[in-house]
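Reading the structure
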Amino acid sequence: MPFLPYYDHIDPGQGGSSMVIPEWPKPALDRPQVFACPLCHETFSSYEDRFQHRFEAHPYQRPLLVLGTHEVNTPRFVVTAALTPEQIRPVNAATCRLDGKLVSSMALARHIAEAQSGFFKVELTGAEGKIKVDYEISIEIASDAHALLVEQEFARLYSPGVISVANISAFIRATSVARTAHRYVEGLAAYLYGILAKDQRGETTLSQEQGRARLNEARQMLLEIDRPLAAVVAGIVSFQSNAFSRSERLTAVPRLWTAMRWFDSVRTSGLLVPVARLDSHAAPNSRVPLDSTTDEILTWMNLPPGGLSDHAKQIGKRSQQDDWLPEDRIKAKVLLAAIYESKGDSANAAQVARAFRHDPVFGQLAERLISAGKESSE
Ligand SMILES: [Zn+2]
């Protein structure tokens, strides 16, 4: 079973672990945080500026509870990462009730921010009492000790080197004492079940399609958890499903980060240009199990410049292979087109591009390659 190495910068001191964890070079992680508008994707340097813009540039009428980056549009919501009172905001609410009691919006925010766990009923009423919106908010924030225990048990999966349904059950059992990190365990387990199904190994009883659903559940759950391992696993699922834009938190996984950046630049520019690699002299200190398809794609992409074309035959074969999911076959086709184009063979690049002409992610690239192929044949 392949494993993807990454740099874990968790302080080993708190868990009593004796493992020496080298420091991951700081600059890559110290990039300024940006806050993107969920509607138009414009970016801002502060939470406050983004919040102002969101409701001034895109008016919204109904009462709405905003928790951190979430506009809560469902009656039930689970909070898994700590929020400050400033990140808990009722919008368009003339009155707020917390567990039936009338409270100010500040008191509501303070109460929810202070809770590490618990269940709250929130009711927001719009101007003139016209529209009422009810929420059930469950707070399930993992304690550091519990999150660390989950991560240590997850790391233990590396020593047998083979993941099976039995290993995953053992992981879930071993972490059952980590009561507050229940969602973290659930997200990681969904990921593990998902990759077994994707590879059709490890005694899985799920189909590849069912595995894909598990992987998406894992991504949803892990994106909400503010731990480096959660970010790495959610990033792997984004890569698997050709959602390449979310690479900010992936500098700890240089192989994945470089590949995400490359596909994202291909997707947005339609051009097959090289992107800078993230070089590091420290050795990675953690590993995440990976499905064999993602491992193979990342291996191709990590080859020295020019080395990729030696694999053209294999990449072409994979791009047609039934047991590869459509998203992965498309990635292989894009790489194959890149190989042809780098050799000046625009006729074959255009031929490959016809197969992903209608792909929502790579359509722009396909159109450019197809018209370049026509020009060269004239
Ligand atoms: Zn906007």
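Refer to the preceding data block for the structure.
Cut-offs and rules
Residues numbered from 1 in each chain as written. Predicted model: local features only at pLDDT ≥ 70, side-chain atom pairs only at ≥ 80, totals over all residues. Heavy atoms only, no water. Helix = DSSP H or I, 4+ residues; strand = E, 2+ residues; numbered from the N terminus. Rg over C-alpha atoms; globule rule 2.2 N^0.38 Å. Buried < 20%, exposed > 50% of the residue type's maximum accessible area, 1.4 Å probe, protein only. Contact = heavy atoms within 4.5 Å. Areas by Shrake-Rupley, 256 points an atom, 1.4 Å probe, with all protein chains shown as cover. Lys, Arg positive; Asp, Glu negative; His and termini not counted. Charge placed at Lys NZ, Arg CZ, Asp CG, Glu CD. Donors = N, O, S within 2.8 Å, 3.2 Å for Na, K, Ca; no water. Tetrahedral: all angles 85-135°; square planar, octahedral: opposite > 155°, others 65-115°. Pairing = 2+ DSSP bridges. Axes fitted to C-alpha atoms, helices over the stretch in contact; angles between N-to-C directions. Salt bridge = Lys/Arg side-chain N within 4 Å of Asp/Glu carboxyl O. Parallel < 35°, antiparallel > 145°, perpendicular 65-115°, else oblique. Nonpolar A, V, L, I, M, F, W, Y, C, P; charged D, E, K, R; others polar.

Thoughts on the overall build of the protein chain
When you go through the protein chain residue by residue, the secondary structure sums to 13 helices and twelve strands. Taken over C-alpha atoms, the radius of gyration comes to 23 Å for the protein chain, in line with the 21 Å a tight globule of 378 residues would show. Relative to its 378 residues, the protein chain shows a buried fraction of 47%. Within the protein chain, contacts between residues separated by at least 24 positions form 60% of all contacts whose residues are at least 6 apart in sequence. Of the roughly 18900 Å² of accessible surface on the protein chain, a fraction of 52% belongs to carbon and sulfur atoms. Across the protein chain, the mean location of the 41 positive side-chain charges is 3 Å away from that of the 44 negative side-chain charges.

Overview of the coordination of the zinc ion
Taken together, Cys 37 (SG), Cys 40 (SG), His 53 (NE2) and His 58 (NE2) make up the protein donors of the zinc ion, found 2.0 to 2.3 Å from the metal. Geometry at the zinc ion is tetrahedral, judged from the four donor atoms that bind it and their angles of 103 to 120 degrees at the metal. When the donors of the zinc ion are listed by position in the chain, the intervening gaps give C-x2-C-x12-H-x4-H. Within this pair, whereas Cys 37 is found in the loop between strand 2 (35-36) and strand 3 (43-44), its partner His 58 is found in the loop between helix 1 (47-57) and strand 4 (64-67), the two being separated by 21 residues in sequence.

Overview of the pairing of strand 10 (residues 117-125)
In terms of strand pairing, strand 8 (residues 95-98) meets strand 10 through four bridges, oriented antiparallel. Residue pairing in the sheet places Leu 98 in a bridge with Val 122 of strand 10. Counted between consecutive antiparallel strands, the loop separating strand 10 from strand 11 (residues 132-140) contains six residues, among which Glu 128 sits at a positive phi close to 60 degrees.

Describing the sheet that holds strand 5 (residues 70-72)
What the three strands build is an open sheet, ordered 5-4-7; its pairing is antiparallel. Only two strands of the sheet have a single partner each, and these edge strands are strand 5 and strand 7 (88-91). Recorded for the sheet is a direction-independent mean angle of 25 degrees between the axes of neighbouring strands. Bridge count between strand 4 and strand 5: three bridges; the pairing is antiparallel. Opposite Val 66, over in strand 5, you have Glu 71 as the bridge partner. Contacts from helix 1 reach strand 4, strand 5 and strand 7 within the one sheet, and its direction differs from that of strand 7 by about 15 degrees. Across the face of the sheet, helix 2 (residues 105-114) comes into contact with strand 4 and strand 7 while running at roughly 145 degrees to strand 7.

Side note on the pattern of salt bridges
Inspection of every chain in the model, using the stated rule, returns 22 salt bridges. Among the salt bridges present, the one from Lys 130 reaches Glu 128, with a minimum N-O distance of 3.1 Å. No difference in accessibility class separates Lys 130 from Glu 128, as the two residues are exposed. Between Arg 227 and Glu 151 there is a salt bridge; the shortest N-O distance is 2.9 Å.

Remarks on the packing of helix 4 (residues 165-174) against helix 5 (residues 182-199)
Axis separation between helix 4 and helix 5 bottoms out at 10 Å; the angle between their running directions is 180 degrees. Accordingly, the angle class assigned to the pair helix 4 and helix 5 is roughly antiparallel. Where helix 4 abuts helix 5, its residues Val 165, Ile 168, Ser 169, Phe 171 and Ile 172 lie against Val 185, Leu 188, Ala 189, Leu 192, Tyr 193 and Leu 196. Its residues assigned to classes, the contact of helix 4 with helix 5 shows ten nonpolar, one polar and no charged.

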